[in-house]
Amino acid sequence: MEGPLSLYVHIPFCELKCSYCDFNSYAGLEELMAPYVEALAVEARLWSRLLGRPPVGTLFLGGGTPSLLPLPMLGRLLEALRDAFPFRPDCETTLEANPGTVDAEYLRGLVALGVDRLSLGVQSFHDDELRALDRLHSASEAEEAYRQARRAGFRSVNLDLIYGLPGQPLERWQATLERAIALGPDHLSLYALTVEEGTKLAHDVARGVAPAPDPDVQADMYEWSSERLAAAGYEHYEISNWARPGHRCRHNLAYWQCRPYLGLGAGAHSCLPWGDGWCRFWDVYSPRRYIQAVEEACRARAPEGTLPEALAALPQVAGKEVVGMEGAISEFLMMGLRLRDGVSLEEFRRRFGCELLDAFAGSLEELSELGLAEVRDGRLHLTRRGLLLANEVFVRLLPS
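Okay, so let's go over this structure. Computed from a predicted model, the values in this text were never measured in an experiment.

**A closer look at the sheet that holds strand β17 (residues 379-382)**
Strands sit in the order β15-β17-β16 across an open sheet of three strands; the sheet is antiparallel. The sheet is open, and its two edges are formed by β15 (343-344) and β16 (373-376), each paired on a single side. The pairing of β15 with β17 spans two bridges and is antiparallel. The partner of Ser344 across the bridge, within β17, is Arg379.

**Some details on the layout of surface pockets**
As a volume, the second largest pocket reaches approximately 610 Å³. For the lining of the second largest pocket, the secondary structure elements donating two or more residues are α9 (250-256), β12 (269-274), β13 (277-283), α12 (325-336), β15 and α13 (345-352). In terms of residue count, α13 provides more of the lining of the second largest pocket than any other element does, four residues in total. When the residues that make up the lining of the second largest pocket are grouped by side-chain class, the tally is 14 nonpolar, six polar and nine charged.

**Description of unusual backbone geometry**
Glycine aside, a negative phi is what most residues show, and trans is what most peptide bonds show. Of the consecutive residues Gly63 and Gly64, the connecting peptide bond is found in the cis state with omega at 20°. Topologically, Gly64 is positioned in the loop between β4 (56-63) and α2 (71-84). Its identity as a non-glycine residue notwithstanding, Arg53 has a phi of 50°, on the positive side. Within the secondary structure layout, Arg53 lies in the loop between α1 (33-51) and β4. Judged by relative accessible area, which is 42%, Arg53 ranks as partly exposed. At Asp377, a residue that is not glycine, the phi angle is positive and equals roughly 55°. Mapped onto the secondary structure, Asp377 falls in the loop between β16 and β17. Classification of Asp377 by relative accessible area gives exposed; the value is 73%.

**Side note on the side chain of Asp204**
Within the element layout of this structure, Asp204 appears in helix α7 (residues 200-207). Ignoring anything within four residues of it in the chain, the contact list for Asp204 reads Val209 and Ala210.

**Description of α7**
Within α7, burial applies to Leu201, Ala202 and Asp204. The buried residues of α7 occupy an angular sector of 160° when projected down its axis, which confines them to one face. Turned more than 90 degrees away from the buried face of α7, the exposed residues are Ala206 and Arg207. Directly beyond the C-terminal end of α7, a positive phi value near 80° is found at Gly208.

**What about the environment of Glu296?**
Note on placement: Glu296 falls in helix α10 (residues 287-299). Setting aside anything within four residues of it in sequence, one finds Glu296 in contact with Arg289 and Pro315.

What counts and what doesn't
- Residues numbered from 1 in each chain as written.
- Predicted model: local features only at pLDDT ≥ 70, side-chain atom pairs only at ≥ 80, totals over all residues.
- Heavy atoms only, no water.
- Pairing = 2+ DSSP bridges.
- Helix = DSSP H or I, 4+ residues; strand = E, 2+ residues; numbered from the N terminus.
- 1 Å grid on protein atoms, 1.4 Å probe; cavity = no way out; pocket = protein on both sides within 12 Å on 5 of 7 lines; lining within 4 Å.
- Points joined across faces, edges and corners; volume = space filled by probe spheres on them.
- Nonpolar A, V, L, I, M, F, W, Y, C, P; charged D, E, K, R; others polar.
- Buried < 20%, exposed > 50% of the residue type's maximum accessible area, 1.4 Å probe, protein only.
- Contact = heavy atoms within 4.5 Å.
- Arc of directions from axis to C-beta.

Spelled out as structure tokens, the structure:
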């Protein structure tokens, strides 16, 4: 395996399932927290043995709401992960938190446990919008959580925000982003609200109870945000992400640069090298079934041999998808184009043994004529227009 591993740990517990959320998260399962953490520790040991204890360069605890885990339980989890894998001294460790679930003592405890990056799910600085999104915190609680995080000593703090809510005018979004900028976070993730199948929001839109988000208004919000954040000194380094210099999210960069990552926990996805491409696989989605499956894996004889044999033998693995050379090339290109740095023609040649401009000659010529992509300084980039129409770009790069 080339380079360090990025480790994702899924914590599926929530106080309330938000109307727009399609993540694998559940409310009312607090009694499963302790056995779930123990199952994560067991799964970490299993994969460490199978993969030969690769070094970990980034750790991301996502959810759900990881900050619902009590500090002793979280400490037990981090200790188990560090026992299973050698963590690099500069390992970036991120934890997602909802503002209403943390206080000064908890945040100081996170820093003491080695969490150096905090991602706060603020979403809006308007209380009525937060209620519409089923968020349990207020705008003032979000601001206070940010200030407490700063005092606690995190190396980097991110704020997640959502724009383009149904009926939201540009001015309301501008006010939210201005309040965020005034706080001075190291990193900002801005996401356009999307209607995901199976969510409460999708049900409300289908019944006419709520209007669908307006894509034209969302585009105006995105363009204004890009200009405003540039003026405030933030680097626009990925379609939806901005950072102060030195504060890009290294864990997410591993996804966008198609580097190997391992996911632990209910519904967690992994991507590891496999022949000329890679293999994606995922754990069972039910937290209760996940705990049972890991217990079964622990009782059974530990799988030996290759990755395919291990995937077939581990009961917590729900499925896999093998990506061959053609698919790997397309994915590398689509993921890399999400980054403002674009895709290096030299790196593409090194990875795949062919020339990017030859492999996608027809598609790239069309994208250039449409003003969506360009080659500059040895790299293929999306243009500003291409950032707004990224899906139009990506569909042209899919395997035939």
